Amino acid sequence: MKEQEINKLFSVFLDTLNLVFDDNFYKNTPELQEIQKIMNRWYCDFKKEKTLINISLQEIQFLDLEITDFFDKYIETEDALYNYTEILSFNLSQLEKYWKDEVIERNKKND
């Protein structure tokens, strides 16, 4: 079940990011393109390895900061029907939760 949930989170995140790129309301920044690149790499790795453990803390921190900046910039002005900022933020936070769970589990096994 967890694998399906994680696949769904990746899929929704990447689909939503594509909608952002296609919408003239949002500015297409190099940071958003970097987010897409990183997220695609993570997703490909997850589909192959069935784990999030290979994701680096630095990349998670980068994405977290960039999505938070994006959220802060657009949440009040974007169309409430679309809520892309909230969707991206929520899905990233859920992926982070699964990642943390895997890291904690691995550390317990190594103790």
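Counting restarts for each chain: residues are numbered from 1 in the order of the written sequence. Local features in this predicted model are restricted to residues of pLDDT 70 or higher, and side-chain atom pairs are both shown and tallied only at a pLDDT of 80 or more, whereas totals for entire chains, interfaces and linings draw on every residue. Side-chain numbers come from the whole structure's heavy atoms, not from hydrogens or water.

## Re the overall build of the protein
So, point 1. The secondary structure content of the protein amounts to 4 helices and 0 strands.
So, point 2. N-terminal to C-terminal, the α/β element order of the protein is α-α-α-α.
So, point 3. With the radius of gyration taken over C-alpha atoms, the globule rule is written as 2.2 Å times the number of residues to the power 0.38. For 111 residues, the compact-globule formula gives about 13 Å, and the C-alpha radius of gyration of the protein, at 15 Å, lands near that figure.
So, point 4. Classification of residues uses two cut-offs on accessible area relative to the type maximum, computed with a 1.4 Å probe and protein chains only: under 20% is buried, over 50% is exposed, and between them is partly exposed. Each of the 111 residues in the protein was classed as buried or not, and the buried ones make up 34%.
So, point 5. Note that accessible areas follow from Shrake-Rupley with a 1.4 Å probe, and for residues the cover is restricted to the protein chains shown. Of the roughly 7,100 Å² of accessible surface on the protein, 50% is carried by carbon and sulfur atoms. Strands here mean DSSP runs of E at least two residues long; helices mean DSSP runs of H or I at least four residues long; both are numbered from the N terminus.

## Observations regarding helix α2 (residues 30-49)
So, point 1. Over its 20 residues, α2 extends 28 Å from the first C-alpha to the last, a length consistent with the 28 Å expected when each residue adds 1.5 Å.
So, point 2. What α2 keeps buried is the set L32, I35, I38, M39, W42, Y43 and F46. The buried residues of α2 all sit within an arc of 140° when viewed along its axis, so they share a single face. Those residues of α2 that are exposed and aimed more than 90 degrees away from the buried face are P30, K37 and K48.
So, point 3. Each element contacted by the buried residues of α2 is listed here: α1 (2-22), α3 (57-74) and α4 (84-110).
So, point 4. Positive backbone phi, approximately 60°, marks K50, located one or two places after α2. Each helix should span, by expectation, one fewer than its residue count multiplied by 1.5 Å. This arc is taken over the directions from the axis of the helix to the C-beta atoms. Contacts are residue-level and defined by heavy atoms, with any inter-residue pair within 4.5 Å sufficient.

## Some remarks on the pattern of salt bridges
So, point 1. A pairing counts as a salt bridge when a side-chain nitrogen of Lys or Arg comes within 4 Å of a carboxyl oxygen of Asp or Glu. The full count for this structure, using the stated rule, is 5 salt bridges.
So, point 2. Between R41 and E59 there is a salt bridge; the shortest N-O distance is 2.3 Å. Note that R41 is positioned in helix α2 and E59 in helix α3, a separation of 18 residues in sequence.
So, point 3. For R41, a relative accessible area of 42% gives the class partly exposed.

## Some words on the environment of I75
So, point 1. The topology assignment puts I75 in the loop between α3 and α4.
So, point 2. The class for I75 is partly exposed, based on a relative accessible area of 25%.
So, point 3. Contact partners of I75, with chain neighbours within four places excluded, come to N83, T85 and E86.

## Regarding unusual backbone geometry
So, point 1. The phi angle at K50 is positive, at roughly 60°, despite the residue not being glycine.
So, point 2. By relative accessible area, which is 44% here, K50 ends up partly exposed.
So, point 3. Positioned with a positive phi, N83 is a non-glycine residue whose angle comes to about 50°.
So, point 4. Take N83: its relative accessible area is 24%, and that puts it in the partly exposed class.

## Notes on the side chain of E66
So, point 1. The topology assignment puts E66 in helix α3.
So, point 2. Charge assignment in this entry is limited to Lys and Arg as positive and Asp and Glu as negative, and neither His nor the chain termini are counted. In this structure E66 is buried but unpaired, with K73 as the nearest side chain of opposite charge at 9.4 Å.
So, point 3. Residues in contact with E66, not counting those within four places in the same chain, are E31 and I35.

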